[in-house]
Amino acid sequence: MPNLTTRVAIVGAGPAGLLLGRSLYQAGIDFVIVENRDREYVLGRIRAGVLEQGSVETLEQLGVGAGVQANGMIHDGIYLQFASERHHVDFSDLIGRTVTIYGQQAVVRDLVDAHDAAGTPVFYDASDVAVHDLTGTPSLTFSYNGLPYTVKADFVVGADGFHGICRQSVPADELTIYQRDYPFAWLGILAEVAPSTDELIYALHDDGFAMHSMRSPTVSRLYLQVDPADDIASWSDARIWDALHARLGVPGWSLEEGLITEKSILPMRSFVVSTLHYGSLFLVGDAGHIVPPTGAKGLNSAMSDVTQLSAALVAHYSGDDGLLAGYSDVALARQWKVQQFSQWMTEMLHKRPGGDATAAFDYRSQLGRLDYVTHSDEAMRSLAQQYTGLQLT
Ligand code: RFL
Ligand code: PHB
């Protein structure tokens, strides 16, 4: 039975796990990454698209910034649309910061390539992954190519996403979960067509939310608010385009259609655990917190956690445990600010279902909020600061 010893055992090869591995590699700290999906699945997953300036800098500092430098699309702002009018929020003018459109899929590919080139140990397609003895001498066990493996480590990092096993290995009485669900979901498509807009459009319409994003000069990414109980089979391509035309349309502008190459319905949830640290276990990214995607924060939060945890591990191996002891508190303080922003954006831009008086009131109040935000420099500056990324602490 193969037995390995390392310093940091990372569970999950999503963006958080791969990035932490890259950062530890650069710092000369031994690690292994264990992932229960195969490599093609990891490379094929289509998710987030917006990188904060700090996230781009992180990729550059870790020597994996060439892709985002060559193909990332720098955006100066976003459009907020309501009452059939489109308003530009210019982050660059307001606060001198920007965001970069570069798909999570591309970030993951760049990181996988970097791990391949360095020959670092990433075990894809592992099964029966389990963590043990988190308050003693931690270890990780799994099967790989039919063989049982044991990895002994100083630390285990749970980078295994919302459905992973690491958070679930913490005793229930050591962890409080804070969460809220929303009465809507996003239907997302990828389409082979040049974006019909220069910057992202977030629209509130009588029929609900819609959004126009992009992945490249020839690929568009679009979203529609749908009922969480909807079946994707009931959304034909024609129905999707009709809804997008209706919700995104403004006079004098038209949406170009193209071949839909991917479509799926994503649930929306806000979720935070009370601690990201238990014994030798640290949680990063979606393993510890989830946001609804309206603020474009999921991937960026994962990257921020990793930056911080990596610095803390480096300090630990230089004899200073202060950062490691403070990791959970500092990361969660930032995360709660990100949570309130994501909730604020979500509640401002989605139409609550139901035709009752409360829903009708809320909708008009949301229109009032959008009118205020798009006509107040102070409000737009606040949005710009949060969208482009709060600085650490
Ligand atoms: P990930 O990306 O979920 O990666 C976790 C990895 O762990 C693996 N894993 C395990 N490995 C070993 N053993 C186990 N027992 C394991 N269990 C799980 C998984 O296979 C996976 O490879 O988490 P990470 O790295 O923390 O990254 C977080 C981001 O992926 C996430 O925040 C965002 O993508 C959220 N999100 C979106 N955010 C946006 O800002 N905009 C979006 O458009 C957007 N779309 C999405 C999303 C999240 C989605 N999920 C999770 C439902 C679309 C989807 C479908
Ligand atoms: C995306 O491009 O997938 C995207 C962009 C902005 C969001 C969410 C998703 O808020």
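Attention in this report is confined to the structure presented alongside it. (Residues numbered from 1 in each chain as written. Chains lettered and ligands numbered in written order. Predicted model: local features only at pLDDT ≥ 70, side-chain atom pairs only at ≥ 80, totals over all residues. Heavy atoms only, no water.)

The next thing to look at is the sheet that holds strand E9 (residues 122-123). Across the sheet, six strands lie side by side as E9-E3-E2-E13-E22-E21; this open sheet has mixed pairing. Edge positions in the open sheet fall to E9 and strand E21 (277-278), since each of these has one partner strand only. In terms of strand pairing, strand E3 (residues 31-34) meets E9 through two bridges, oriented parallel. Each residue of the ladder has a partner; that of Val34, found in E9, is Phe123. Where helix H9 (residues 322-349) meets the sheet, its contacts fall on strand E13 (155-158), E21 and strand E22 (281-283), and the angle it forms with E22 comes to roughly 40°. (Pairing = 2+ DSSP bridges. Helix = DSSP H or I, 4+ residues; strand = E, 2+ residues; numbered from the N terminus. Contact = heavy atoms within 4.5 Å. Axes fitted to C-alpha atoms, helices over the stretch in contact; angles between N-to-C directions.)

For the rest of this paragraph, the subject is the site of ligand 2. Neighbouring residues of ligand 2: 14 residues in total, closest Tyr202, Ser213, Arg215, Tyr223 and Pro293. Interatomic distance of 3.4 Å between a backbone N/O atom of Ala296 and an oxygen atom of ligand 2. Against a free-state accessible area of 280 Å², the protein chains account for coverage of 98% of ligand 2. Those elements giving two or more residues to the shell around ligand 2 turn out to be strand E17 (208-216) and strand E18 (219-226). No other element matches the three residues that E17 contributes to the shell around ligand 2. Residue composition of the shell around ligand 2, by class: eight nonpolar, three polar and three charged. When residues are assigned to domains, the shell around ligand 2 turns out to be shared by domain 1 (3-73 + 100-179 + 269-344) and domain 2 (182-268 + 352-388), each giving three or more. (Near = heavy atom within 4 Å. Polar contact = N/O pair within 3.5 Å; in protein donor to acceptor, adjacent residues only side chain to side chain. Areas by Shrake-Rupley, 256 points an atom, 1.4 Å probe, with all protein chains shown as cover. Nonpolar A, V, L, I, M, F, W, Y, C, P; charged D, E, K, R; others polar. Domains from an automatic or database assignment.)

Using the criterion set out here, one finds two cavities of 30 Å³ or more in the structure. Empty space within the largest cavity amounts to approximately 50 Å³. Around the largest cavity, the lining residues are Gly14, Pro15, Val42, Arg45, Arg47, Gln104, Gln105 and Val108. It is helix H6 (residues 104-118) that contributes the most residues to the lining of the largest cavity, three residues altogether. In this structure, the second largest cavity occupies an estimated 40 Å³ of space. Lining the second largest cavity, in full, are Glu52, Lys297, Lys337, Val338, Phe341, Gln386, Gly389 and Leu390. When residues of the lining of the second largest cavity are assigned to their parent elements, the largest contribution, three residues, is made by H9. Per-class residue counts for the lining of the second largest cavity are three nonpolar, two polar and three charged. (1 Å grid on protein atoms, 1.4 Å probe; cavity = no way out; pocket = protein on both sides within 12 Å on 5 of 7 lines; lining within 4 Å. Points joined across faces, edges and corners; volume = space filled by probe spheres on them.)

Secondary-structure assignment places His75 in strand E5 (residues 73-75). You can call His75 buried: its relative accessible area is 4%. Sequence-distant contacts of His75, defined by excluding residues within four places in its chain, comprise Thr98, Val99, Ile101, Asp198, Glu199, Leu200 and Met214. (Buried < 20%, exposed > 50% of the residue type's maximum accessible area, 1.4 Å probe, protein only.)

Turning our attention to the nonpolar core. Formed by 71 residues in total, the largest nonpolar core has its most connected members in Ile10, Leu51 and Leu309. Ranked by residue count, the leading element in this core is helix H8 (residues 298-317), at seven residues. Setting aside chain neighbours within four positions, we find Leu309 in contact with Leu20, Val157, Phe282, Val284, Leu324 and Tyr327. (Core = buried A, V, L, I, M, F, W, Y, C linked by side-chain atoms within 4.5 Å.)

Let us now look at unusual backbone geometry. One non-glycine residue, Asp133, lies in positive phi territory at about 50°. As for its position among the elements, Asp133 is in the loop between strand E10 (127-132) and strand E11 (139-144). In this structure Asp133 comes out as partly exposed when scored by relative accessible area, which is 46%.

This paragraph deals with the site of ligand 1. Around ligand 1, a shell composed of 29 residues is seen, among which Ala16, Glu35, Arg45, Gln104 and Asp286 lie nearest. Between an oxygen atom of ligand 1 and a main-chain N or O atom of Ala16, the distance comes to 2.9 Å. In the environment of ligand 1, an oxygen atom lies 2.6 Å from a nitrogen or oxygen atom belonging to the side chain of Glu35. In the complex, 86% of the free accessible area of ligand 1, which totals 1000 Å², lies under the protein chains. Those elements giving two or more residues to the shell around ligand 1 turn out to be helix H1 (15-27) and H8. Across the shell around ligand 1, the residue classes break down as 14 nonpolar, eight polar and seven charged.

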